[in-house]
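# Tertiary structure, described
Residue-level listing of the chains:
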Amino acid sequence: MSGKITPILMSGGAGTRLWPLSRQAKPKQFHRLGGAETLIQATALRVTGEMFNPPIVVCAAAHADLTRDQLREVGITPRALIAEPAPRNTAAASVAAAAVAAEIDPEGVFLLLHADNLVADVPAMHRAVEAGRAAAEAGEVVIFSLKPTGPETIYGYIRAGAGDGPVRKVAQFVEKPDLETAKRFVADPDYGWNAGMFMFSAAAFLEECRRLAPAISAAAEAGVAKAARRGDLIALSPDFLTAPSEAIDTAIMEKTARASVVGADIGWSDVGNWNALWEGSAQDGEGNVADGDVVLVGSARSLARTDGPVVVLAGVEDLVVVVENGVVLVTRRESTASVRAAVDVLKTRGRGELL
C-alpha cells in the first residue's frame, strides 16, 4: 500500500487584483473569502486525514509567523516552513520545496497546491489525487486539469492526449486564449483549466528541473543547502535570489516528456479578483454581496464590503465598493484589470504605505 502524500502549499502570492483587501503585509491567502476559514487555512484543511501527512509550506519570510499562527488556529503544524527572502516566481519556489521534500521523505509523493484557492468539492479532489498517485510514484509529473465553468480567458488550458483512463499524457499546454478559442476549449472535454496543481515524487521532479531549468534549480537548491534553520523554519539563503524568475509551467512543464494529466471537476476558484469573489459568494435576491455594515437601496449585482464605516449603495448596478484600512475602492465589477492598474499607479507615485 502506498504511503501518505505530503502536501506542499505555495503561499507566496500577492493577490493585487483584490486590493485594497489584499496587501503586501497580508495577502489574500490570509483573509476569509467565501468561508469560515482563511484561504490558507481552508487549503490546509482539505489536505488532512488518512491520505496526507502534515504540509510543507512555502511563504514570504515576512509572513512566516502569520502563516504558522493561522495554521495553528485550525490545528495544523507544518512539517516545514520554507521562507523566501523575496519572490522568484513558481519555478524556483517549487524546486526549493522539492529539495526540502527530498530531505524529509526521499521516496514520498508530494501534492503541490496554491494556498489561495477555493475548492467546493473536496471528496472529488481527493478522488482525483488518488487517481494520479500511481503515475506520480512511477516518475510522472502529474498535473490536474480542472473542468471549466465557462470560457475564461484569464486561465491557461491543458489538452489531454489520446486515451480513456483517468491518467493521460499531456498533449499541449495553451496560454490564455481569446474568447472564441476559450469557447471552443470549453466545448471539448479534452481541455481543462491549468490551475497549477501538481503531484510528483521529489526525485523525479528535481531530475527534470535540473535538466530543463538548470539555472533555476542551481539557485533554488543552493538556497535550501545554505538555508538558516530554526525548528520548523527553513529560511532560504540569498542564493535563492539569483534564480531566474519564471513560472513552473514555462520553465518545466511545457518542456518535459513526463507530464501526465488527471481531469478533475472539483468546483475550483482562484478568487483572483473582485468579480470572481462576487460570483463565488452567496447573493441576495438582487444579486448583491455584502460584508460588513452595508446598506443596499435599489441596487443590483454589486459587491460591497467595509471594515468599519457604513457603506450605502443606492440605485447602482454592477459595482464593487470596498472600504479597507483607510482606503476606498470603487470600480465596475467586471473591470478586473483596472484594480491592478491602480496598484501600479500607486507604486509609481510612491504610495507604498497603501500597498
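Description of the structure in this document. Bear in mind the structure is a predicted one, so any value in this text is a computation, not a measurement.

### Quick notes on unusual backbone geometry
Pro20 follows Trp19 through a cis peptide bond whose omega is 10°. Positioned with a positive phi, Asn89 is a non-glycine residue whose angle comes to about 75°. Of note in the backbone geometry, Asp318 takes a positive phi value of approximately 55° without being a glycine. Mapped onto the elements, Asp318 comes out in the loop between β17 (311–314) and β18 (319–324).

### Focus on the packing of aromatic side chains
Applying the stated rule across the entire model yields six aromatic pairs. Pairing Tyr155 with Trp193 gives two aromatic rings, centres 4.8 Å apart and planes at 65°, and the pair type is edge-to-face. Within this pair, whereas Tyr155 is found in the loop between β6 (141–146) and β7 (156–160), its partner Trp193 is found in strand β9 (residues 191–201), the two being separated by 38 residues in sequence. A residue is classified by how much of its surface remains accessible, and Tyr155, at 10% relative accessible area, is buried. Ring geometry for Tyr157 versus Phe185: centroids 5.1 Å apart, planes at 55°, classification tilted. Here Tyr157, found in strand β7, pairs with Phe185, found in helix α5 (residues 179–186); they are 28 residues apart in sequence, far enough to count as distant. Relative accessible area serves as the criterion here: at 3%, Phe185 is assigned to the buried category.

### A closer look at the nonpolar core
Judged by nonpolar contacts, the single largest core of 47 residues is most densely connected at Ile8, Ile143, Phe200, Phe205, Ile252 and Met253. The greatest single-element share of this core, amounting to ten residues, is contributed by helix α3 (residues 89–104). If sequence neighbours within four positions are ignored, Ile8 has contacts with Ile56, Val58, Ala97, Ala101, Phe110, Leu111, Leu112, Leu113 and Phe200. Grouped together as the second largest cluster of nonpolar side chains are 44 residues, Leu9, Val57, Leu81 and Met199 included.

### Considerations on the packing of helix α6 (residues 202–212) against helix α7 (residues 214–225)
Running from N to C, α6 and α7 cross one another at 125°; their axes reach a closest spacing of 5 Å. One finds that α6 runs oblique with respect to α7. Touching Leu206, Cys209, Arg210, Arg211 and Leu212 of α6 are Pro214, Ser217 and Glu221, all from α7. For the contact of α6 with α7, the per-class residue count stands at four nonpolar, one polar and three charged.

### Regarding the side chain of Ser237
Within the fold, Ser237 resides in the loop between β11 (233–235) and α8 (248–253). Ser237 gets classed as buried once you look at its relative accessible area, which sits at 6%. A distance of 2.5 Å separates a polar atom in the side chain of Ser237 from a polar atom in the side chain of Asp239. Apart from the residues lying within four places of it in its own chain, the contact partners of Ser237 are Pro85, Ala222, Gly223, Lys226 and Ala227.

About the thresholds
Residues numbered from 1 in each chain as written. Predicted model: local features only at pLDDT ≥ 70, side-chain atom pairs only at ≥ 80, totals over all residues. Heavy atoms only, no water. Helix = DSSP H or I, 4+ residues; strand = E, 2+ residues; numbered from the N terminus. Phe/Tyr/Trp six-rings, centres within 6.5 Å; stacked < 30°, edge-to-face > 60°. Buried < 20%, exposed > 50% of the residue type's maximum accessible area, 1.4 Å probe, protein only. Core = buried A, V, L, I, M, F, W, Y, C linked by side-chain atoms within 4.5 Å. Contact = heavy atoms within 4.5 Å. Axes fitted to C-alpha atoms, helices over the stretch in contact; angles between N-to-C directions. Parallel < 35°, antiparallel > 145°, perpendicular 65-115°, else oblique. Nonpolar A, V, L, I, M, F, W, Y, C, P; charged D, E, K, R; others polar. Polar contact = N/O pair within 3.5 Å; in protein donor to acceptor, adjacent residues only side chain to side chain.

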